[in-house]
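Listed here are the chains, written in short residue letters.
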Amino acid sequence: MSLAQVHYTSAAPGDEGAAGRFTAVGPGVSGALLAEIEPLVRYELPGGVPDRPTDGELRSLPQAFGYFVLSDGSRLVARSAPVRDTGGAGSGGAGSGVRFHAHAVHLPPGVPLPGDRLPVEAWRSPLWVSVTPGGAIPDPLTPPAGPAAVSEGLDDFAVSRGPWLAAVLADLRRASDAETAGGRPVVLVERQCADVARWLGLASVTLPRESAERLTFTTYTRRPGSSASRVVGVLPEDAAAARAAGLRVHECAGRAPAGGTEDVWATTAARVWRSRSPELFREARELPGAPFAAGPLAVVALCAGIALGPDGRAAGAGWAADRPYALDAKRTGQLVEALTSPGIDDRTGPEFDAAGRLFGALEGRSPASVTAPLAAMLVTEAVRGGNGSLELPRRDAFAGPEGAEVAERLGPEILTELADTAGSRSVSRTVQLLRVARLLGVNGTESLPGVVDRLAPALLAEAAAHEGPSGFAPALLELLDEQFEVRTALLGALDRIAPEDPGAVARFLERVTLPFTGTQALPHLRMCAEVPEAMATLGGDRAAVWHRVLRAAGLSPFAEPLVLRTAVGLVWEDRAPTVEEARLLLDAATSDSHRVAGTWARLVDAALGASAAGTSATGPDEAAGLAHDLLRGFPEEIGGRERAGLLLLDLARELRTGAPEPGWAERVRTLCAQAEPVEPALRERAYAALVERLLAPDRPGAELYDFVHGGDAELIAAYDRAARTASVRTRLRTQPAYAADCFTVWTAHPHAGTAWPPVAAALLDDVLRPAVRGMTAEAVAEVEATVGRTGSSGRADAFRDWNRVSALGRLGRRITGRVRRG
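Right, let's walk through the structure included here. (Residues numbered from 1 in each chain as written. Predicted model: local features only at pLDDT ≥ 70, side-chain atom pairs only at ≥ 80, totals over all residues. Heavy atoms only, no water.)

Quick word on the pairing of strand β5 (residues 98–107)
- For β5, the buried fraction is high: nine of the 10 residues fall into the buried class.
- As paired strands, strand β4 (residues 75–84) and β5 are joined by 10 bridges and run antiparallel to one another. Pairing of A81 across the sheet is with H101, part of β5. (Buried < 20%, exposed > 50% of the residue type's maximum accessible area, 1.4 Å probe, protein only. Helix = DSSP H or I, 4+ residues; strand = E, 2+ residues; numbered from the N terminus. Pairing = 2+ DSSP bridges.)

Regarding unusual backbone geometry
- The omega torsion across E676 and P677 is -5°, close enough to zero to call that bond cis.
- Secondary-structure assignment places P677 in the loop between α29 (664–674) and α30 (680–694).
- One non-glycine residue, D116, lies in the positive phi region at around 55°.
- Position of D116 relative to the elements: it lies in the loop between β5 and α3 (154–160).
- Unusually for a residue other than glycine, L522 sits at a positive phi of about 45°.
- Relative to the helices and strands, L522 is located in the loop between α20 (502–511) and α21 (523–538).

A look at the side chain of T566
- With respect to the helices, strands and loops of the structure, T566 is situated in helix α23 (residues 562–571).
- A residue is classified by how much of its surface remains accessible, and T566, at 0% relative accessible area, is buried.
- If near-sequence neighbours (up to four positions away) are discounted, T566 is found in contact with A498, P499, P502, H524, M527 and C528. (Contact = heavy atoms within 4.5 Å.)

A word on the sheet that holds strand β8 (residues 231–234)
- In spatial order, the strands read β2-β1-β5-β4-β3-β7-β8-β6-β9; together these nine strands make up an open sheet with mixed pairing. Edge positions in the sheet fall to β2 (20–25) and β9 (248–251), since each has one partner strand and no second.
- In terms of strand pairing, strand β6 (residues 186–189) meets β8 through four bridges, oriented parallel. Note on β8: the bridge partner recorded for V189 is V234.
- With respect to the sheet, helix α4 (residues 162–175) is in contact with β6, β8 and β9, its orientation differing from that of β9 by roughly 150°. (Axes fitted to C-alpha atoms, helices over the stretch in contact; angles between N-to-C directions.)

A closer look at the layout of surface pockets
- Taken as a whole, the largest pocket holds about 450 Å³ of empty space.
- Taken together, the elements giving at least two residues each to the lining of the largest pocket come down to α1 (31–41), β3 (64–69) and β4.
- A total of four residues in the lining of the largest pocket trace back to one element, the largest contributor, which is β3.
- When its residues are assigned to classes, the lining of the largest pocket shows 10 nonpolar, seven polar and four charged. (1 Å grid on protein atoms, 1.4 Å probe; cavity = no way out; pocket = protein on both sides within 12 Å on 5 of 7 lines; lining within 4 Å. Points joined across faces, edges and corners; volume = space filled by probe spheres on them. Nonpolar A, V, L, I, M, F, W, Y, C, P; charged D, E, K, R; others polar.)

Quick look at the packing of α21 against α23
- Interaxial distance between α21 and α23 falls to 10 Å at its minimum, and their mutual angle equals 30°. As far as their axial angle goes, α23 and α21 are roughly parallel. Crossing hand, α21 versus α23: right-handed. Along its contact with α21, which presents P523, H524, M527, C528, V531 and M535, the element α23 presents L562, V563, T566, A567, L570 and V571. (Parallel < 35°, antiparallel > 145°, perpendicular 65-115°, else oblique. Left-handed = near helix turned anticlockwise from the far one by under 90°.)

In structure tokens form, the structure reads like this:
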């Protein structure tokens, strides 16, 4: 069909108020479309063009070649070129002014270009004209038969633009996306607008057909920010304005860029162009995969012998691993050869991972001669590269002569590193070395005990240092599944260290489920594995949890005392047992078992901790009773301040319930000093027991004398507090003998230092005197008589005088009250 052509010419000098006019319009182009077309074909001269350029200067001016999509879905291919103004004053000569002429072809919706070509292929068509023709002219979109002009010289151009190639192709790919309609254009800065067309020619070869057709463009404009095209070309003088407008600018006419692009497809495409192999783009599109997946293009490039970077090689290996059926035997061999080339020295972890997946996909599908280089590369990387997450081949991959060669080369290195005790080696590294040693048949029996003894604590340390799943877990479990001797040795090592830090082992087992369900005893590991479920099931009943965990060991604490340590560490890891729980633990095994297990220290903490709390669930004397039994059961083990604290508790018990050795007050003072820093509640408990005993009528006089004359202000203050309690006041009011005893004590040592006399005087006035006032006359007489019998007649006289002063005081107050009332 014949396509409508449009001609537009800029206004002549003197035509004020008009930018230009359409000089010819083909059929089917409406006025509304002409209004839309006019701004698209307008031309603006570059800066610095002389008013009357020479013929050479005129030919050097840029031409704007563009492809546009109009609002009704139709399309426009146009060329706007500067021409000499031959009309008006001064026209016709070499010094005439410049106008422009636009020649455009309109394509209705759904109508392809002649020959199903792409728009950019018409940019060098000889049928574009610079004047309005007098009649019909050939369609410039139908160039002469032969190779498309756009492909001529593209290889050389691509090589010359090597530094910009990947970044520009990446942006052209994004610009061609169907979702980017209406987005801001990509700006290509070139000194010649023909080079912008060449960039679009590169895109037409590189991109899939449907993507290339979406690339609307113009090879030259002075106003890129207002352009509706997806790709625009500008001269270097307009690059700064484009960058200031926030556009994506590639200044291909300047200095080479320093950075690259992370787009693997674009990087691979750039290498293909620099290798002058554009036919590979068509081959890649014939392979399965997404339009811009890097894998297919990387595969055909590698098979063609084009060197790619690590990302490209990883993309090719990963694609082939997912589709091993997509390549024939020849290409598969070429791909493996390219991936395993000895000249490559920049392989990365992701590339090795992809190569490992490719080996797994090809193993059993391709001959061993094809997969052997991959297997050798993978194990060499595992040993020399330290890639602990690498997926390893199966053992039968090294059954042939290739395997023997690799084992001979890597075996000594593996054994040397495994035997090294000076270096710090990660868990993943150790696991990988052990697995590779087995793959290659390297005998490491002699070094295995030392390796496992270092590996076991490293497992716990690395697992505790990172939250979440342990990265080494999958490889570790594969190792234990593959090698029975390693599993036996490692589980035994973990079981031996579990009593030292059972909580860490239990947390490790929650994150890594080790296979210890076989015939090994492993009592400590079984306890560590049992505790989470026991805690969840039994809640806060720690005694019940302890019993259940201990049962999981399958051994009696009498036969294996260390299970006590593990059980206690699991249940009471961050706290001391209560007195009741400690009593349960003490009774569950002999003192010898606790001594071997070291759990007696936890029992000491329980006794001292309960004393610091001041009470226990079954009474205040439980902690003291526990202290007494601990001192008797572990006389050699308990020492220092802990021993002094327990002795203080035991002394408090004896003061309340028995007959302690003489020298109570001195022993309390001495033990408190030895137990420093002593808990205040423990000190208060000991003081309270001492002064309560001293306030009893049957206390030895020598103890009271030592107490009074000891001058210990804190002890005397404790005595004062105890004497003022309600129970003492009640006994004073109701028991004349007790009141007489207290009067004797509180008046017997008036010169005993500085601390006692004021306290005794205050107790006489504040405590005893109110009690005597509340007694009957008979009770007061009994107090007086008792004072005389237990002391002397002078002491009885002193009581009468003391009591008379009290009575006179009451009488005086009565008289004063009567006088006031009178």
